There are 2 protein chains.
Amino acid sequence: MPVEREKYSRAIEDYLKIIFELLEASGRVSTKQIAEALDVKPASVTGMLQKMSAFKPALVNYRKHHSVSLTPEGRDIALRVIRRHRLIERFLQETLGFSWDKVHEEAHRLEHVVSDEFEKRVAEVLGDPEFDPHGSPIPTRELEMPEHSQKPLSELDKRERAYIREVPDEDEGLLLYLEEVGVVPGARIEVLERSPYDGIMTLIVMGQLQNAVLGPSITRRVFVEKKR
Amino acid sequence: MPVEREKYSRAIEDYLKIIFELLEASGRVSTKQIAEALDVKPASVTGMLQKMSAFKPALVNYRKHHSVSLTPEGRDIALRVIRRHRLIERFLQETLGFSWDKVHEEAHRLEHVVSDEFEKRVAEVLGDPEFDPHGSPIPTRELEMPEHSQKPLSELDKRERAYIREVPDEDEGLLLYLEEVGVVPGARIEVLERSPYDGIMTLIVMGQLQNAVLGPSITRRVFVEKKR
DNA sequence: ACTATTTATTAGGCTCACCTAATAAATAAT
DNA sequence: ATTATTTATTAGGTGAGCCTAATAAATAGT
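Residues numbered from 1 in each chain as written. Chains lettered and ligands numbered in written order. Predicted model: local features only at pLDDT ≥ 70, side-chain atom pairs only at ≥ 80, totals over all residues. Heavy atoms only, no water.

Neighbouring residues of DNA strand D: 21 residues in total, closest Ser9, Ser44 and Lys51 of chain A together with Gln50 and Tyr62 of chain B. Sugar plus phosphate: this is where 85% of the atoms of DNA strand D within 4 Å of the protein reside. Tyr15 of chain A places a polar side-chain atom, nitrogen or oxygen, 3.4 Å from a phosphate oxygen of DNA strand D. Between a phosphate oxygen of DNA strand D and a main-chain N or O atom of Lys32 of chain B, the distance comes to 2.7 Å. Those elements that place two or more of their residues in the surface near DNA strand D are α1 (10–26) and α3 (42–54) of chain A together with α2 (31–38) and α3 (42–54) of chain B. For the surface near DNA strand D, a count of residues per class yields 8 nonpolar, 9 polar and 4 charged. (Near = heavy atom within 4 Å. Polar contact = N/O pair within 3.5 Å; in protein donor to acceptor, adjacent residues only side chain to side chain. Helix = DSSP H or I, 4+ residues; strand = E, 2+ residues; numbered from the N terminus. Nonpolar A, V, L, I, M, F, W, Y, C, P; charged D, E, K, R; others polar.)

Ranked by internal contacts, the top residues of the largest apolar core, which has 32 residues, are Leu92, Leu110 and Phe118 of chain A together with Leu92, Leu110 and Phe118 of chain B. Of all the elements in the fold, those that place two or more residues in this core are α4 (72–96), α5 (103–110) and α6 (116–126) of chain A together with α4 (72–96), α5 (103–110) and α6 (116–126) of chain B. Beyond its immediate stretch of four places on either side in the chain, Leu92 of chain A contacts Gly97, Phe98, Val103, Glu106, Ala107 and Leu110 of chain A together with Phe118 of chain B. (Core = buried A, V, L, I, M, F, W, Y, C linked by side-chain atoms within 4.5 Å. Buried < 20%, exposed > 50% of the residue type's maximum accessible area, 1.4 Å probe, protein only. Contact = heavy atoms within 4.5 Å.)

This brings us to the packing of helix α1 (residues 10–26) of chain B against α2 of chain B. Residue and element names in this part refer to chain B. Relative orientation of the contacting elements α1 and α2 amounts to 120 degrees, with a least axis distance of 10 Å. As judged from the angle between their axes, α1 and α2 are oblique. Between α1 and α2 lies a crossing whose hand is right-handed. Contacts between α1 and α2 involve Asp14, Tyr15, Ile18, Ile19, Leu22 and Ser26 on the former and, on the latter, Gln33, Ile34, Ala37 and Leu38. Here the residues of the contact of α1 with α2 sort into 7 nonpolar, 2 polar and 1 charged. (Axes fitted to C-alpha atoms, helices over the stretch in contact; angles between N-to-C directions. Parallel < 35°, antiparallel > 145°, perpendicular 65-115°, else oblique. Left-handed = near helix turned anticlockwise from the far one by under 90°.)

Quick look at the interface of chain B and chain A now. Quoted interface sizes are often the accessible area lost when the parts come together. Counting residues at the interface gives 19 residues for chain B, matched by 19 residues for chain A. Of the roughly 1700 Å² buried at the junction of chain B and chain A (both faces included), carbon and sulfur atoms supply 64%. Here chain B is connected to chain A by 0 salt bridges. Inspection of the region where chain B meets chain A yields 8 residue pairs in polar contact (both at pLDDT 80 or more). Counting only elements with at least two residues in the side of chain B that touches chain A, the list comes to α4, α5 and α6 of chain B. With 5 residues, the single largest contributor to the side of chain B that touches chain A is α6 of chain B. Per-class residue counts for the side of chain B that touches chain A are 10 nonpolar, 3 polar and 6 charged. (Buried area = accessible area lost by both parts, 1.4 Å probe. Salt bridge = Lys/Arg side-chain N within 4 Å of Asp/Glu carboxyl O.)

Let us now look at the relation of the copies chain B and chain A. Mapping chain B onto chain A calls for a screw motion: a turn of 180 degrees about the axis and a shift of 0.0 Å along it, with 0.1 Å RMSD after fitting. Taken together, the rotation and translation describe the operation of a two-fold axis. Closest approach to the rotation axis within chain B is made by the C-alpha atom of Leu110 of chain B, at a distance of 3.5 Å. A symmetric contact is evident, with 100% of the interface residues of chain B recurring at the interface of chain A. (Least-squares fit on C-alpha atoms with pLDDT ≥ 70 in both.)

Let's shift gears to the pairing of strand β6 (residues 201–205) of chain A. Residue and element names in this part refer to chain A. Across the 5 residues of β6, 4 count as buried, placing the element largely inside the fold. Note that strand β5 (residues 188–194) and β6 share 5 bridges and pair antiparallel. What sits directly across from Val191, in β6, is Leu203. From the end of β6 to the start of strand β7 (residues 212–214), which pair antiparallel, there are 6 residues, and Gly207 there has a positive phi angle of about 85 degrees. (Pairing = 2+ DSSP bridges.)

Another point: the sheet that holds strand β5 (residues 188–194) of chain B. Backbone hydrogen bonds hold the strands of a sheet together, and the pairing may be parallel or antiparallel. Residue and element names in this part refer to chain B. Strand order in the open sheet made by the 6 strands is β3-β8-β4-β5-β6-β7, with antiparallel pairing throughout. The sheet is open, and its two borders are formed by β3 (151–152) and β7 (212–214), each paired with just one other strand. Pairing of β3 with strand β8 (residues 223–225), which is carried by 2 bridges, proceeds in the antiparallel orientation. Within the sheet, the bridge partner assigned to Lys151 lies in β8 and is Val224.

The full set close to DNA strand C counts 21 residues, and Gln50 and Tyr62 of chain A together with Ser9, Ser44 and Lys51 of chain B are the nearest of them. In DNA strand C, atoms within 4 Å of the protein come 85% from sugar and phosphate. For DNA strand C, a phosphate oxygen lies 2.8 Å from a polar atom in the backbone of Lys32 of chain A. Separating a phosphate oxygen of DNA strand C from a side-chain N or O atom of Ser44 of chain B is a distance of 2.6 Å. For the surface near DNA strand C, the residue count by class is 8 nonpolar, 9 polar and 4 charged.

What follows covers a nonpolar patch on the surface. All names here are of chain A. Taken together, Tyr177, Ile200 and Val213 make up a surface patch of nonpolar side chains, about 230 Å² in accessible area. Topologically, Tyr177 is positioned in helix α7 (residues 172–181). For Tyr177, a relative accessible area of 32% puts it in the partly exposed group. (Patch = residues over 30% accessible without salt bridge, like charges linked within 9 Å, V, L, I, M, F, W, Y side chains within 5 Å. Areas by Shrake-Rupley, 256 points an atom, 1.4 Å probe, with all protein chains shown as cover.)

This paragraph deals with the domain arrangement of chain A. Domains assigned within chain A are domain 1 (10–74) and domain 2 (151–225). Spacing between the C-alpha centres of domain 1 of chain A and domain 2 of chain A amounts to 31 Å. (Domains from an automatic or database assignment.)

Before going further, it helps to spend a moment on the environment of Thr95 of chain B. Within the fold, Thr95 of chain B resides in helix α4. Each C-alpha atom, one on Thr95 of chain B and one on Asn61 of chain B, is 39 Å from the other, the two residues being 34 residues apart in sequence.

This part covers the packing of aromatic side chains. Considering all chains together, one arrives at 5 aromatic pairs over all chains under this definition. Measuring from centroid to centroid gives 5.5 Å for Tyr8 of chain A and Phe55 of chain A, while their planes differ by 50 degrees, and the two rings are tilted. Taken together, the residues Tyr8 of chain A in the segment before α1 and Phe55 of chain A in the loop between α3 and β1 (60–62) connect sequence positions 47 residues apart. With 6.3 Å between their ring centres and 80 degrees between their planes, Phe91 of chain B and Phe118 of chain B make a pair best called edge-to-face. Here Phe91 of chain B is found in helix α4, whereas its partner Phe118 of chain B is found in helix α6, with 27 residues between them in sequence. When sorted by exposure, Phe91 of chain B lands in the same class as Phe118 of chain B, which is buried. Feature note: the residues Phe91 and Phe118 of chain A together with Phe91 and Phe118 of chain B constitute an aromatic cluster, connected by ring pairs. For Arg121 of chain A, the ring lying beneath its charged end belongs to Phe98 of chain B, and the centroid distance is 5.3 Å. (Phe/Tyr/Trp six-rings, centres within 6.5 Å; stacked < 30°, edge-to-face > 60°. Lys NZ or Arg CZ within 6 Å of the ring centre and 35° of its normal.)

Written out as structure tokens, the structure reads:
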């Protein structure tokens, strides 16, 4: 039963998307987190959560002062928006030549207005890509999120080697820096140094002349995998 | 001085676009016409005209019960939106394989959210096309609307010949029919018959087996040119 | 266990862009 | 020139999604 289009507002799509992503990242979501991620006040989040939980088919399960989770309907919408976002990012990069630091913002605006047909044709033109330009997996047509068995770069020890799999997509400045030092999906790295107190890591990046030095606020959001 | 983005709402962009198009088509605009074109009530149009004329730099010149016209600012915004709309239509057709009857609706949603960079890259990828899929001229980067010395098909007399230049873009059913009978931009036609009372025209379309029979509600909105 | 701090919720307002109903102005018909 | 009809404007109202300020609940510190 496909969720129909144009049924939910941009705001609702944004809330569901961010709730899904926060749940995936840390297992729980707070009003405050949502407010920060969407750049609105907590009071507005409370209002929206109440509204979304009161919908005909509820989009979220909400118990005040306690948990927030997605209903199957809410999850479907979230995955749809995420699929469109990531497909569009890839499309902007491949078809229109956008740099990887510019695709996020543009995709964020487009994801709420494109039709099913647009989504379908983009997927076809790109040959059903599995990842967006930052390495995030693209949910399938059937809205299944591919498994990605990976861990944060921050958990690697000295001398460990791994492949970069995924980097955060929303910080343009960071993306420019990561590109410069070669920390991009697919890159092979080795941990040269790891400061035990502040967690700053120095990486050897294969094929790069310079090492990459990254603080924990970054390494916690960069994901790696051992196998190729 | 380029008009900045994101400064005006979708609604305002829509109003300015339709006012421009109505002014171009008939030289004047009524509240009622705008209301019908945008599918809102006349009262809403009055309200919006007042608002747009009260803007810091006014977007329209408005004298109640009398004329509506665009200020230079309003015209610039209108041309920008029209340029984006027509470029996107072309892009959807050429790059994503949309049929010509489906591009209008999709472009209408996209035109309000794409960035200047998106517009620029689409124009580059397409090689700065001059016309959209329905033959409407695309305003240049400098927001100049190319001249098109053409007249309505309805003004042709029996036995006159001409080339189809432009067809209306918003009616999907009509577009499917026009495609079927070969009345598409570039087609060469001859007026075989013209009923003097109801204005129904029968056309020979070069390269088509069947003649095309079109009523005045259509022939008034299809534009032709004598020279190739 | 009590107090301080953080986080979440309620209550009441605001803006945008629309609506309806009532009124007024412009235009057409007799 | 009245009257009838069409078109436009005003006045007041609605829902979405945000805001601030005040209050309540949960969490942390002593």
